[in-house]
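Single-letter residue listing:
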Amino acid sequence: MTAVPSVSVGSGAAGAAIFPDSDSRKYRYFEPRSKRATHYEDVTVDVQPDPERYLLQDWIISFPNGKGAYTKDNTEALSANWHAFRAPDQEWERTHYQRQSKIEAMVQAVIANGRKSGAPKSFDKAWIKILQNHLGAWKHVEFGLGTSLMQAQRYGYTQMINNATLTNSSYKLRLAQDITLYLAEIGMDIQGFDDAAGKRTWLEDKGWQGTREAIESIMGSPDYLEQYFATNIVFEPLVGELFRSGFLMQTASSNGDFITPPVISAAEADYERNLANTIDLMHLLVTDNQHAAHNKKLFQGWVNKHVALANKAAAGLQPIWSQPHSKPVQYADARAQSVERIKKILGELGLTFPKE
(Lines give C-alpha, C1' and ligand atoms only; values in the text may rest on other atoms or scores of the structure.)
Protein backbone atom coordinates (compact mmCIF):
# COMPACT_ATOMS: atom_id res chain seq x y z
CA MET A 1 0.00 0.00 0.00
CA THR A 2 1.46 3.39 -0.96
CA ALA A 3 1.57 6.30 1.45
CA VAL A 4 -0.52 9.39 0.78
CA PRO A 5 1.82 12.17 -0.43
CA SER A 6 2.43 14.84 2.19
CA VAL A 7 1.61 18.25 0.80
CA SER A 8 2.48 21.42 2.70
CA VAL A 9 -0.35 23.93 2.48
CA GLY A 10 -0.99 27.21 4.18
CA SER A 11 -4.72 27.37 3.69
CA GLY A 12 -7.72 25.35 4.84
CA ALA A 13 -9.68 26.26 1.74
CA ALA A 14 -11.18 23.58 -0.45
CA GLY A 15 -8.68 22.37 -3.01
CA ALA A 16 -5.66 23.48 -0.97
CA ALA A 17 -4.47 19.92 -0.32
CA ILE A 18 -4.25 16.84 -2.50
CA PHE A 19 -5.51 13.51 -1.16
CA PRO A 20 -6.74 10.24 -2.75
CA ASP A 21 -10.25 11.49 -3.60
CA SER A 22 -9.56 15.21 -3.90
CA ASP A 23 -10.57 15.14 -7.56
CA SER A 24 -13.87 13.32 -7.00
CA ARG A 25 -17.13 13.82 -5.13
CA LYS A 26 -16.38 11.05 -2.61
CA TYR A 27 -14.32 13.28 -0.31
CA ARG A 28 -12.43 10.34 1.11
CA TYR A 29 -9.15 11.40 2.69
CA PHE A 30 -7.44 8.00 2.70
CA GLU A 31 -6.37 5.37 0.24
CA PRO A 32 -8.38 2.13 0.70
CA ARG A 33 -6.42 -1.07 1.16
CA SER A 34 -8.43 -2.75 -1.60
CA LYS A 35 -10.16 -1.28 -4.62
CA ARG A 36 -13.09 -0.10 -2.53
CA ALA A 37 -13.10 1.13 1.04
CA THR A 38 -14.79 -1.09 3.60
CA HIS A 39 -17.24 0.14 6.22
CA TYR A 40 -14.51 -0.47 8.79
CA GLU A 41 -12.15 1.88 6.95
CA ASP A 42 -14.82 4.54 6.53
CA VAL A 43 -15.46 4.72 10.28
CA THR A 44 -11.88 4.20 11.48
CA VAL A 45 -9.21 5.64 9.18
CA ASP A 46 -8.25 9.23 10.02
CA VAL A 47 -10.82 9.52 12.80
CA GLN A 48 -7.72 10.43 14.79
CA PRO A 49 -6.20 13.52 13.14
CA ASP A 50 -2.51 13.61 12.27
CA PRO A 51 -0.61 16.86 11.63
CA GLU A 52 1.50 15.06 9.04
CA ARG A 53 -1.62 14.37 7.00
CA TYR A 54 -4.30 17.04 7.33
CA LEU A 55 -3.94 19.23 10.43
CA LEU A 56 -2.55 22.66 9.58
CA GLN A 57 -2.32 23.82 13.21
CA ASP A 58 -0.33 20.86 14.65
CA TRP A 59 -1.90 18.76 17.42
CA ILE A 60 -5.06 20.28 18.88
CA ILE A 61 -4.06 19.02 22.34
CA SER A 62 -0.46 18.85 23.61
CA PHE A 63 1.14 17.84 26.90
CA PRO A 64 3.16 20.26 29.08
CA ASN A 65 6.43 18.84 27.69
CA GLY A 66 5.43 20.03 24.23
CA LYS A 67 4.59 16.60 22.84
CA GLY A 68 1.36 16.15 20.94
CA ALA A 69 -1.53 13.87 21.87
CA TYR A 70 0.15 10.99 19.97
CA THR A 71 3.85 10.57 19.31
CA LYS A 72 5.85 8.06 17.32
CA ASP A 73 8.49 7.59 20.03
CA ASN A 74 6.13 5.58 22.26
CA THR A 75 7.70 2.56 20.57
CA GLU A 76 11.19 1.79 19.35
CA ALA A 77 9.72 0.45 16.11
CA LEU A 78 9.77 2.76 13.12
CA SER A 79 7.45 3.12 10.15
CA ALA A 80 7.37 5.19 6.99
CA ASN A 81 3.57 5.13 7.19
CA TRP A 82 1.84 4.04 10.40
CA HIS A 83 -1.54 4.60 8.74
CA ALA A 84 -0.96 1.71 6.33
CA PHE A 85 -2.18 -0.79 8.94
CA ARG A 86 -5.79 -1.93 8.57
CA ALA A 87 -6.75 -4.74 10.95
CA PRO A 88 -7.68 -7.93 9.03
CA ASP A 89 -10.59 -8.62 11.39
CA GLN A 90 -12.04 -5.20 10.47
CA GLU A 91 -13.55 -4.80 13.91
CA TRP A 92 -14.88 -1.48 15.16
CA GLU A 93 -17.19 -0.48 17.99
CA ARG A 94 -20.49 -1.80 16.66
CA THR A 95 -19.21 -5.15 15.40
CA HIS A 96 -17.14 -5.61 18.56
CA TYR A 97 -20.10 -5.16 20.90
CA GLN A 98 -22.23 -7.46 18.77
CA ARG A 99 -19.61 -10.19 18.81
CA GLN A 100 -18.96 -9.92 22.54
CA SER A 101 -22.68 -10.06 23.25
CA LYS A 102 -23.09 -13.27 21.23
CA ILE A 103 -20.13 -14.90 23.01
CA GLU A 104 -21.49 -13.98 26.44
CA ALA A 105 -24.91 -15.36 25.55
CA MET A 106 -23.32 -18.64 24.45
CA VAL A 107 -21.16 -18.93 27.58
CA GLN A 108 -24.03 -18.21 29.95
CA ALA A 109 -26.30 -20.67 28.15
CA VAL A 110 -23.68 -23.43 28.38
CA ILE A 111 -23.16 -22.83 32.10
CA ALA A 112 -26.88 -22.59 32.85
CA ASN A 113 -27.72 -25.75 30.91
CA GLY A 114 -24.80 -27.63 32.49
CA ARG A 115 -25.89 -26.70 36.00
CA LYS A 116 -29.53 -27.49 35.24
CA SER A 117 -28.52 -31.01 34.25
CA GLY A 118 -26.40 -31.43 37.38
CA ALA A 119 -23.16 -31.75 35.40
CA PRO A 120 -20.78 -30.19 37.98
CA LYS A 121 -21.63 -32.92 40.50
CA SER A 122 -20.34 -35.55 38.08
CA PHE A 123 -16.92 -33.92 37.62
CA ASP A 124 -14.02 -36.11 38.69
CA LYS A 125 -12.81 -35.02 42.15
CA ALA A 126 -9.22 -34.50 41.01
CA TRP A 127 -10.50 -32.42 38.10
CA ILE A 128 -12.55 -30.24 40.45
CA LYS A 129 -9.35 -29.39 42.31
CA ILE A 130 -7.65 -28.50 39.02
CA LEU A 131 -10.48 -26.14 38.09
CA GLN A 132 -10.49 -24.63 41.55
CA ASN A 133 -6.74 -24.07 41.73
CA HIS A 134 -5.37 -23.82 38.21
CA LEU A 135 -8.23 -22.47 36.13
CA GLY A 136 -8.75 -20.12 39.06
CA ALA A 137 -5.13 -19.02 38.69
CA TRP A 138 -5.41 -18.68 34.91
CA LYS A 139 -7.99 -15.91 35.17
CA HIS A 140 -5.19 -13.74 36.58
CA VAL A 141 -3.16 -14.39 33.42
CA GLU A 142 -6.01 -13.17 31.23
CA PHE A 143 -6.65 -10.18 33.48
CA GLY A 144 -2.97 -9.24 33.47
CA LEU A 145 -2.70 -9.35 29.68
CA GLY A 146 -5.99 -7.47 29.31
CA THR A 147 -4.79 -4.75 31.68
CA SER A 148 -1.45 -4.52 29.86
CA LEU A 149 -3.11 -4.12 26.46
CA MET A 150 -5.59 -1.60 27.83
CA GLN A 151 -2.64 0.56 28.83
CA ALA A 152 -0.80 -0.12 25.58
CA GLN A 153 -3.66 1.00 23.33
CA ARG A 154 -3.41 4.58 24.56
CA TYR A 155 0.00 4.99 22.93
CA GLY A 156 -0.60 3.65 19.43
CA TYR A 157 0.02 6.28 16.78
CA THR A 158 -3.13 5.57 14.76
CA GLN A 159 -6.75 4.76 15.49
CA MET A 160 -6.43 1.48 13.59
CA ILE A 161 -3.60 0.27 15.84
CA ASN A 162 -5.41 1.45 18.95
CA ASN A 163 -8.64 -0.29 17.92
CA ALA A 164 -6.90 -3.63 17.34
CA THR A 165 -5.08 -3.40 20.67
CA LEU A 166 -8.15 -2.33 22.62
CA THR A 167 -10.40 -5.07 21.24
CA ASN A 168 -7.63 -7.53 22.13
CA SER A 169 -7.70 -6.16 25.67
CA SER A 170 -11.48 -6.48 25.80
CA TYR A 171 -11.35 -10.17 24.82
CA LYS A 172 -8.88 -10.87 27.60
CA LEU A 173 -10.85 -9.05 30.26
CA ARG A 174 -14.06 -10.77 29.13
CA LEU A 175 -12.46 -14.19 29.50
CA ALA A 176 -11.12 -13.33 32.96
CA GLN A 177 -14.66 -12.35 33.92
CA ASP A 178 -16.14 -15.48 32.31
CA ILE A 179 -13.79 -17.73 34.27
CA THR A 180 -14.56 -15.91 37.52
CA LEU A 181 -18.32 -16.21 37.04
CA TYR A 182 -18.08 -19.79 35.78
CA LEU A 183 -16.15 -21.01 38.80
CA ALA A 184 -18.45 -19.12 41.17
CA GLU A 185 -21.54 -20.71 39.58
CA ILE A 186 -20.34 -24.31 39.49
CA GLY A 187 -18.93 -23.78 42.97
CA MET A 188 -22.50 -23.48 44.25
CA ASP A 189 -23.11 -27.05 43.07
CA ILE A 190 -19.87 -28.56 44.42
CA GLN A 191 -19.54 -29.06 48.16
CA GLY A 192 -16.39 -27.50 49.63
CA PHE A 193 -15.41 -25.59 46.47
CA ASP A 194 -12.96 -22.83 47.40
CA ASP A 195 -13.42 -19.65 45.32
CA ALA A 196 -10.25 -18.10 46.77
CA ALA A 197 -7.95 -21.02 45.90
CA GLY A 198 -7.10 -19.66 42.45
CA LYS A 199 -5.69 -16.42 43.84
CA ARG A 200 -3.59 -18.30 46.41
CA THR A 201 -2.29 -20.61 43.69
CA TRP A 202 -1.38 -17.63 41.50
CA LEU A 203 0.47 -15.87 44.31
CA GLU A 204 2.03 -18.78 46.18
CA ASP A 205 2.29 -21.93 44.02
CA LYS A 206 5.88 -22.31 42.79
CA GLY A 207 4.70 -23.74 39.48
CA TRP A 208 2.91 -20.50 38.62
CA GLN A 209 5.69 -18.06 39.44
CA GLY A 210 7.29 -18.33 36.00
CA THR A 211 3.94 -17.39 34.45
CA ARG A 212 3.63 -14.46 36.83
CA GLU A 213 7.10 -13.29 35.83
CA ALA A 214 6.25 -13.54 32.13
CA ILE A 215 3.00 -11.59 32.56
CA GLU A 216 4.54 -8.93 34.77
CA SER A 217 7.41 -8.47 32.31
CA ILE A 218 4.90 -7.80 29.54
CA MET A 219 2.92 -5.44 31.75
CA GLY A 220 6.08 -3.58 32.77
CA SER A 221 7.36 -2.86 29.27
CA PRO A 222 7.39 0.88 28.47
CA ASP A 223 6.96 0.08 24.76
CA TYR A 224 3.31 -0.44 23.80
CA LEU A 225 4.22 -2.37 20.67
CA GLU A 226 6.41 -4.74 22.67
CA GLN A 227 3.43 -5.46 24.93
CA TYR A 228 1.26 -6.24 21.90
CA PHE A 229 4.01 -8.29 20.22
CA ALA A 230 4.98 -10.27 23.33
CA THR A 231 1.36 -11.13 24.10
CA ASN A 232 0.31 -12.50 20.71
CA ILE A 233 3.53 -13.54 18.99
CA VAL A 234 5.22 -15.20 21.97
CA PHE A 235 3.18 -15.76 25.15
CA GLU A 236 -0.07 -16.93 23.60
CA PRO A 237 1.33 -19.79 21.47
CA LEU A 238 3.89 -20.93 24.05
CA VAL A 239 1.76 -20.65 27.19
CA GLY A 240 -1.79 -19.49 26.43
CA GLU A 241 -2.72 -22.09 23.84
CA LEU A 242 -0.60 -24.67 25.64
CA PHE A 243 -2.73 -24.42 28.78
CA ARG A 244 -6.12 -23.67 27.24
CA SER A 245 -6.12 -25.95 24.17
CA GLY A 246 -3.30 -28.29 25.09
CA PHE A 247 -4.64 -29.10 28.54
CA LEU A 248 -8.08 -27.80 29.56
CA MET A 249 -9.94 -28.47 26.32
CA GLN A 250 -8.20 -31.80 25.71
CA THR A 251 -8.57 -33.19 29.22
CA ALA A 252 -11.90 -31.91 30.53
CA SER A 253 -14.32 -34.32 28.84
CA SER A 254 -12.43 -37.46 29.85
CA ASN A 255 -12.78 -36.31 33.46
CA GLY A 256 -16.55 -35.83 33.25
CA ASP A 257 -16.50 -32.12 32.41
CA PHE A 258 -18.34 -31.03 29.27
CA ILE A 259 -18.85 -27.41 30.38
CA THR A 260 -15.32 -26.03 30.58
CA PRO A 261 -14.31 -26.60 26.91
CA PRO A 262 -17.06 -24.40 25.39
CA VAL A 263 -16.44 -21.71 28.02
CA ILE A 264 -12.75 -21.64 27.08
CA SER A 265 -13.22 -22.18 23.34
CA ALA A 266 -14.20 -18.57 22.71
CA ALA A 267 -10.71 -17.54 23.79
CA GLU A 268 -9.14 -19.63 21.03
CA ALA A 269 -11.30 -17.93 18.41
CA ASP A 270 -10.35 -14.57 19.95
CA TYR A 271 -6.69 -15.42 19.64
CA GLU A 272 -6.93 -16.28 15.96
CA ARG A 273 -8.32 -12.79 15.31
CA ASN A 274 -5.76 -11.11 17.54
CA LEU A 275 -2.91 -13.06 15.95
CA ALA A 276 -3.99 -12.13 12.42
CA ASN A 277 -4.05 -8.44 13.40
CA THR A 278 -0.65 -8.64 15.10
CA ILE A 279 1.06 -10.48 12.25
CA ASP A 280 -0.34 -8.00 9.74
CA LEU A 281 1.01 -5.02 11.68
CA MET A 282 4.40 -6.58 12.39
CA HIS A 283 4.74 -7.73 8.77
CA LEU A 284 4.23 -4.14 7.59
CA LEU A 285 7.04 -3.08 9.91
CA VAL A 286 9.54 -5.82 8.98
CA THR A 287 8.96 -5.06 5.29
CA ASP A 288 8.92 -1.27 5.68
CA ASN A 289 10.72 0.37 2.77
CA GLN A 290 12.80 2.54 5.12
CA HIS A 291 13.05 0.79 8.49
CA ALA A 292 12.78 -2.96 7.84
CA ALA A 293 16.27 -3.85 9.11
CA HIS A 294 15.84 -1.82 12.30
CA ASN A 295 12.45 -3.36 13.07
CA LYS A 296 13.54 -6.91 12.37
CA LYS A 297 16.50 -6.57 14.72
CA LEU A 298 14.25 -5.03 17.39
CA PHE A 299 11.63 -7.76 17.09
CA GLN A 300 14.21 -10.53 17.26
CA GLY A 301 15.39 -9.02 20.54
CA TRP A 302 11.84 -9.10 21.85
CA VAL A 303 11.49 -12.72 20.73
CA ASN A 304 14.67 -13.74 22.57
CA LYS A 305 13.59 -11.95 25.75
CA HIS A 306 10.00 -13.16 25.94
CA VAL A 307 10.57 -16.70 24.66
CA ALA A 308 12.96 -17.27 27.58
CA LEU A 309 10.26 -16.09 30.00
CA ALA A 310 7.50 -18.09 28.27
CA ASN A 311 9.61 -21.27 28.29
CA LYS A 312 10.12 -20.87 32.02
CA ALA A 313 6.39 -20.35 32.48
CA ALA A 314 5.50 -23.44 30.43
CA ALA A 315 7.98 -25.60 32.32
CA GLY A 316 6.49 -24.51 35.63
CA LEU A 317 3.01 -25.59 34.51
CA GLN A 318 4.13 -29.04 33.34
CA PRO A 319 3.17 -30.90 36.57
CA ILE A 320 -0.49 -29.96 36.06
CA TRP A 321 -0.72 -32.45 33.15
CA SER A 322 -0.11 -35.32 35.59
CA GLN A 323 -2.80 -34.32 38.12
CA PRO A 324 -6.05 -35.54 36.44
CA HIS A 325 -7.06 -39.18 36.86
CA SER A 326 -7.64 -39.46 33.11
CA LYS A 327 -4.70 -38.17 31.05
CA PRO A 328 -5.63 -38.20 27.34
CA VAL A 329 -2.79 -35.85 26.38
CA GLN A 330 0.84 -35.63 27.48
CA TYR A 331 2.66 -32.39 28.23
CA ALA A 332 5.48 -33.26 25.82
CA ASP A 333 3.03 -33.56 22.93
CA ALA A 334 1.25 -30.32 23.79
CA ARG A 335 4.58 -28.54 24.19
CA ALA A 336 5.87 -29.81 20.84
CA GLN A 337 2.73 -28.52 19.16
CA SER A 338 3.10 -25.07 20.76
CA VAL A 339 6.75 -24.81 19.67
CA GLU A 340 5.80 -25.76 16.13
CA ARG A 341 3.06 -23.14 16.24
CA ILE A 342 5.34 -20.28 17.26
CA LYS A 343 7.97 -21.27 14.70
CA LYS A 344 5.38 -20.89 11.95
CA ILE A 345 4.29 -17.52 13.34
CA LEU A 346 7.86 -16.26 13.54
CA GLY A 347 8.57 -17.61 10.06
CA GLU A 348 5.89 -15.31 8.62
CA LEU A 349 7.87 -12.37 9.99
CA GLY A 350 11.32 -13.62 9.04
CA LEU A 351 12.23 -14.15 12.72
CA THR A 352 13.79 -17.20 14.36
CA PHE A 353 12.94 -19.23 17.43
CA PRO A 354 15.86 -19.18 19.90
CA LYS A 355 17.66 -22.44 20.58
CA GLU A 356 16.69 -23.99 23.89
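Structural data are supplied above this passage.
Residues numbered from 1 in each chain as written. Predicted model: local features only at pLDDT ≥ 70, side-chain atom pairs only at ≥ 80, totals over all residues. Heavy atoms only, no water.

> Any chance you could break down the overall build of the protein for me, citing the residues and the numbers?
Regarding its fold elements, the protein presents 10 helices and zero strands. Reading the protein from its N terminus to its C terminus gives the helix and strand order α-α-α-α-α-α-α-α-α-α. Its C-alpha atoms give the protein a radius of gyration of 23 Å, within 12% of the compact-globule value 21 Å for 356 residues. Seen through its C-alpha atoms, the protein measures out along the principal axes to roughly 75 × 45 × 40 Å. Each of the 356 residues in the protein was classed as buried or not, and the buried ones make up 52%. A separation of at least 24 residues holds for 78% of the contacts in the protein among residues at least 6 apart in sequence. The protein carries 38 positive and 40 negative side-chain charges, and their two centres are separated by 3 Å. (Helix = DSSP H or I, 4+ residues; strand = E, 2+ residues; numbered from the N terminus. Rg over C-alpha atoms; globule rule 2.2 N^0.38 Å. Buried < 20%, exposed > 50% of the residue type's maximum accessible area, 1.4 Å probe, protein only. Contact = heavy atoms within 4.5 Å. Lys, Arg positive; Asp, Glu negative; His and termini not counted. Charge placed at Lys NZ, Arg CZ, Asp CG, Glu CD.)

> Lay out the nonpolar core in plain terms, naming residues and giving numbers.
With 92 residues, the main nonpolar core has Tyr182, Phe229 and Phe299 as its most contacted residues. For this core, the secondary structure elements donating two or more residues are helix H2 (93–116), helix H3 (125–152), helix H4 (159–187), helix H6 (209–219), helix H7 (224–251), helix H8 (260–286), helix H9 (292–317) and helix H10 (331–348). Per-element accounting of this core gives the leading share, 14 residues, to H7. Setting aside its immediate chain neighbours within four residues, Tyr182 contacts Ile111, Phe123, Leu131, Leu135, Asp257, Ile259, Thr260 and Val263. (Core = buried A, V, L, I, M, F, W, Y, C linked by side-chain atoms within 4.5 Å.)

> Could you give me a rundown of the environment of Pro324, with the residues and numbers involved?
Residue placement: Pro324 occurs in the loop between H9 and H10. Sequence separation between Pro324 and Ala126 is 198 residues; the distance between their C-alpha atoms is 5.7 Å. Those residues in contact with Pro324 that sit more than four places away from it in its chain are Trp127, Ile130, Phe247, Thr251 and Asn255.

> Explain the packing of aromatic side chains residue by residue, including any values.
Under the criterion given, the structure shown has 12 aromatic pairs. Three or more aromatic residues joined by ring pairs make a cluster, and in this case those are Trp127, Trp138, Trp202, Trp208, Phe235, Phe243, Phe247, Trp321 and Tyr331. The ring of Tyr70 is capped by Arg154, whose NZ or CZ atom sits 4.9 Å from the centre of that ring. Over the ring of Tyr155 we find Arg154, and its NZ or CZ is 5.9 Å from the ring centre. (Phe/Tyr/Trp six-rings, centres within 6.5 Å; stacked < 30°, edge-to-face > 60°. Lys NZ or Arg CZ within 6 Å of the ring centre and 35° of its normal.)

> Summarise the environment of Gly347; cite the residues concerned and give the values.
Its place among the elements puts Gly347 in helix H10. For Gly347, a relative accessible area of 47% translates into the label partly exposed. Separated by 69 residues in the primary sequence, Gly347 and Thr278 have C-alpha atoms spaced 14 Å apart.

> Which residues make up the packing of H9 against H10, and what are the values?
Relative orientation of the contacting elements H9 and H10 amounts to 165 degrees, with a least axis distance of 12 Å. As judged from the angle between their axes, H9 and H10 are roughly antiparallel. Pair H9 / H10 crosses with right-handed handedness. Along its contact with H9, which presents Val303, Val307, Asn311, Ala314 and Ala315, the element H10 presents Tyr331, Arg335, Ile342 and Leu346. Tallied by class, the residues present in the contact of H9 with H10 amount to seven nonpolar, one polar and one charged. (Axes fitted to C-alpha atoms, helices over the stretch in contact; angles between N-to-C directions. Parallel < 35°, antiparallel > 145°, perpendicular 65-115°, else oblique. Left-handed = near helix turned anticlockwise from the far one by under 90°. Nonpolar A, V, L, I, M, F, W, Y, C, P; charged D, E, K, R; others polar.)

> Can you break down the packing of H6 against H9 residue by residue, with the values?
A pair of packed helices can be characterised by two numbers: the angle between their axes and the separation between those axes. Close contact between H6 and H9 brings their axes to 7 Å; oriented N to C, the two are set at 150 degrees. With respect to H9, the element H6 is oriented roughly antiparallel. The hand of the H6/H9 crossing is left-handed. In contact with Gly210, Thr211, Glu213, Ala214, Ser217 and Ile218 of H6, H9 contributes His306, Leu309, Lys312, Ala313 and Leu317. Class assignment for the residues of the contact of H6 with H9 results in five nonpolar, four polar and two charged.

> Run through the side chain of Ser338, naming residues and quoting values.
Turning to its location among the elements, Ser338 is positioned in helix H10. Judged by its relative accessible area of 4%, Ser338 falls in the buried class. Among the polar contacts listed, one links the side chain of Ser338 to the backbone oxygen of Arg335, at a separation of 2.8 Å. Setting aside residues up to four positions removed in sequence, Ser338 forms contacts with Pro237, Leu238 and Leu242. (Polar contact = N/O pair within 3.5 Å; in protein donor to acceptor, adjacent residues only side chain to side chain.)

> Go over H10 with me, naming the residues and quoting the values.
The end-to-end C-alpha distance of H10, which contains 18 residues, comes to 26 Å, matching closely the 26 Å that a straight helix rising 1.5 Å per residue would cover. For H10, the complete set of buried residues consists of Tyr331, Ala334, Arg335, Ser338, Val339, Ile342, Ile345 and Leu346. With its buried residues spanning 135 degrees around the axis, H10 presents them on a single face. Residues of H10 that are exposed and point more than 90 degrees away from the buried face comprise Ala332, Asp333, Gln337 and Lys344. Just past H10, the residue Gly350 takes up positive phi, approximately 70 degrees. (Expected span 1.5 Å × (residues − 1). Arc of directions from axis to C-beta.)

> I'd like a description of the pattern of salt bridges, backed by residues and values.
When charged atoms on two side chains of opposite charge get close, those side chains can pair. Scanning all chains against the criterion turns up 22 salt bridges. The partner of Lys67 in a salt bridge is Asp73, and the shortest N-O contact between them spans 3.0 Å. A relative accessible area of 37% means that Lys67 is categorised as partly exposed. The partner of Glu91 in a salt bridge is Arg273, and the shortest N-O contact between them spans 2.5 Å. Taken together, the positions of Glu91 in the loop between helix H1 (39–44) and H2 and Arg273 in helix H8 put the pair 182 residues apart, joining distant regions of the chain. Of the residues examined, Arg273 reaches a relative accessible area of 24% and is grouped as partly exposed. Where salt bridges share partners, they join Arg99, Glu104, Arg174, Asp178 and Asp270 into one cluster. (Salt bridge = Lys/Arg side-chain N within 4 Å of Asp/Glu carboxyl O.)

Geometric values such as these leave the question of function open.
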